[in-house]
Amino acid sequence: MAKYVRCLMKMSLYIVQAEWYNGAMKRIYLFGSLNADLTIRAPYLPKAGETLTGSDFMLTAGGKGANQAYAAANLGGRVHMAGCVGEDPFGDMLLTSLQKAGADVSHVRRTARGTGVAVILLSDGDNRIVLDRGANGEAEGTDVDALLASAEAGDIFMTQLETPLEVVRYALKTARARGLFTVFNPAPAVREAQELVPLADLITPNETELAILTGEERGEEGCRKLLAMGAGAVLATCGAHGSLYCGQDGIMPVACVHVGKAVDTTAAGDTFCGALAVRLAEGAGIAEAAKFASLCAGVSVTRRGAQISMPSRREVDEIAVSLHE
Ligand code: RIB
């Protein structure tokens, strides 16, 4: 009997702790794209007019916004996503994937225009992506308003550039005005997105995006330029070279974590962003959050696909322990 009571007490303590933790953890609001990814592996990039035999075709859930939402939810974040998908099987697949990870998709709107599609060619250990944004182009300011209706000051807001630029601008402005911490992943970068830089408390470009936004080939110079343009802080990802944090308190490299052989880099940046949001929501500083994000991205590249390659929190925690042994 005493054993039974002790067990019950222990269980209720866990429940109280879990509730406290959930209450302390900020929410993560994601506005962005949802795409069906059609991926095929090719021995090399075909020339104009050439038909090439590839292999390993996959149809999976992707889109930079949805990938970031999935990564964060799968790592235990309290995620709410807004965006648009079509009334089609691709849309069903995307919603199901996010729901399985635990994300709230009640603000993902279904439109008459079909779900966005990304054709991904894997070759030479890298990917090339062509996107038909479809329903993502229908996203509007009212989607952002609905998403942020329940948000509180201090929550995390994250967005990218696969939805219309003017709506992304509105989203960053609205989130800012409501006191959320704004994280802007300027992917895929366009020069016109420069005007959004001052709306970001944190901007997370990769090397290509950094060069497009700043005209600088050198990482440190590019990061400094983004700060000068008004970003609160910069976290530039540099693939296998890790990332570079640049804030008012200085510049610091964050090492890349090699977990295993990289087989597919698709959505590694999205995994990084989603994981970053989770640690920020848990109260970590940017540099500390970047180390965790780096580990998560390191795991994702060892597997194929976008969302299906992303690790769970338990997996990452176990790998982190094994790396320290
Ligand atoms: O960042 C990777 C993503 O970019 C893919 O999932 C694809 O949908 C494209 O949006």
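In short, a report on the structure.

Basis of the calculations
Residues numbered from 1 in each chain as written. Predicted model: local features only at pLDDT ≥ 70, side-chain atom pairs only at ≥ 80, totals over all residues. Heavy atoms only, no water. Pairing = 2+ DSSP bridges. Helix = DSSP H or I, 4+ residues; strand = E, 2+ residues; numbered from the N terminus. Axes fitted to C-alpha atoms, helices over the stretch in contact; angles between N-to-C directions. Parallel < 35°, antiparallel > 145°, perpendicular 65-115°, else oblique. Left-handed = near helix turned anticlockwise from the far one by under 90°. Contact = heavy atoms within 4.5 Å. Nonpolar A, V, L, I, M, F, W, Y, C, P; charged D, E, K, R; others polar. Near = heavy atom within 4 Å. Polar contact = N/O pair within 3.5 Å; in protein donor to acceptor, adjacent residues only side chain to side chain. Areas by Shrake-Rupley, 256 points an atom, 1.4 Å probe, with all protein chains shown as cover. Patch = residues over 30% accessible without salt bridge, like charges linked within 9 Å, V, L, I, M, F, W, Y side chains within 5 Å. Salt bridge = Lys/Arg side-chain N within 4 Å of Asp/Glu carboxyl O. Buried < 20%, exposed > 50% of the residue type's maximum accessible area, 1.4 Å probe, protein only.

What follows concerns the sheet that holds strand E6 (residues 116-123). Spatial ordering of the open sheet is given by E3-E2-E6-E7, a layout of four strands whose pairing is mixed. A single partner strand is all that each edge strand has here, and the edge strands are strand E3 (55-62) and strand E7 (126-132). Averaged over all pairs of adjacent strands, the angle between strand axes in this sheet comes to 20 degrees, irrespective of strand direction. Relative to E3, strand E2 (residues 35-41) runs antiparallel, the two being bridged by six bridges.

On to the packing of helix H4 (residues 141-148) against helix H5 (residues 165-177), then. One can describe the packing of H4 onto H5 by two numbers: an axis separation of 9 Å at closest approach and a directional angle of 30 degrees. Looking at the two axes, H4 sits roughly parallel to H5. You can see that H4 and H5 cross each other, and the crossing is right-handed. Between H4 and H5, the contacting residues are Gly141, Val144, Asp145 and Leu148 on the first element and Val167, Tyr170, Ala171, Thr174 and Ala175 on the second. Of the residues belonging to the contact of H4 with H5, the class tally is six nonpolar, two polar and one charged.

Surrounding the ligand, one finds Asn35, Asp37, Gly62, Gly63, Lys64, Asn67, Ala118, Ile129, Glu162, Ala267, Asp270 and Ala306. Glu162 has a polar side-chain atom sitting 2.6 Å from an oxygen atom of the ligand. In this structure, an oxygen atom belonging to the ligand sits 2.7 Å away from a side-chain N or O atom of Asp270. Within the complex, the protein chains bury 96% of what would otherwise be the 280 Å² of accessible surface of the ligand. Looking at the shell around the ligand residue by residue, the class counts come to four nonpolar, four polar and four charged.

Bringing a nonpolar patch on the surface into the picture now. A cluster of nonpolar side chains, contributed by Ile40, Phe57 and Leu59, occupies part of the molecular surface with about 270 Å² of accessible area. On the secondary structure map, Ile40 appears in strand E2. Residue classification places Ile40 among the partly exposed residues on the basis of a relative accessible area of 33%.

Our next topic: the pattern of salt bridges. Enumeration according to the criterion identifies 16 salt bridges in this entry. One salt bridge connects Arg224 with Glu220, and the closest N-O pair in it is separated by 3.6 Å. Within this pair, Arg224 and its partner Glu220 are both found in helix H7 (residues 219-228), separated by four residues, close to a single helical turn. The closest approach of N and O atoms between Arg279 and Glu288, which form a salt bridge, is 2.6 Å. Given a relative accessible area of 42%, Glu288 falls into the partly exposed group. The network of salt bridges with shared partners includes Arg279, Glu282, Glu288, Arg313 and Asp317.

Most peptide bonds take the trans form, and the phi angle of most residues other than glycine is negative. Here Ala187 and Pro188 are connected by a cis peptide whose omega angle stands at -5 degrees. The phi dihedral of Asp56 falls on the positive side, at around 55 degrees, and the residue is not glycine. Assignment of secondary structure puts Asp56 in strand E3. Positive phi, normally seen in glycine, also occurs at Ala267, with a value near 70 degrees. Relative to the assigned elements, Ala267 resides in the loop between strand E13 (250-254) and helix H8 (268-281).

Tracing the sequence through the fold places Gly54 in the loop between E2 and E3. Spatially, the C-alpha atoms of Gly54 and Gly179 are 48 Å apart, while their sequence positions differ by 125 residues. Sequence-distant contacts of Gly54, defined by excluding residues within four places in its chain, comprise Ile40, Arg41 and Ala42.

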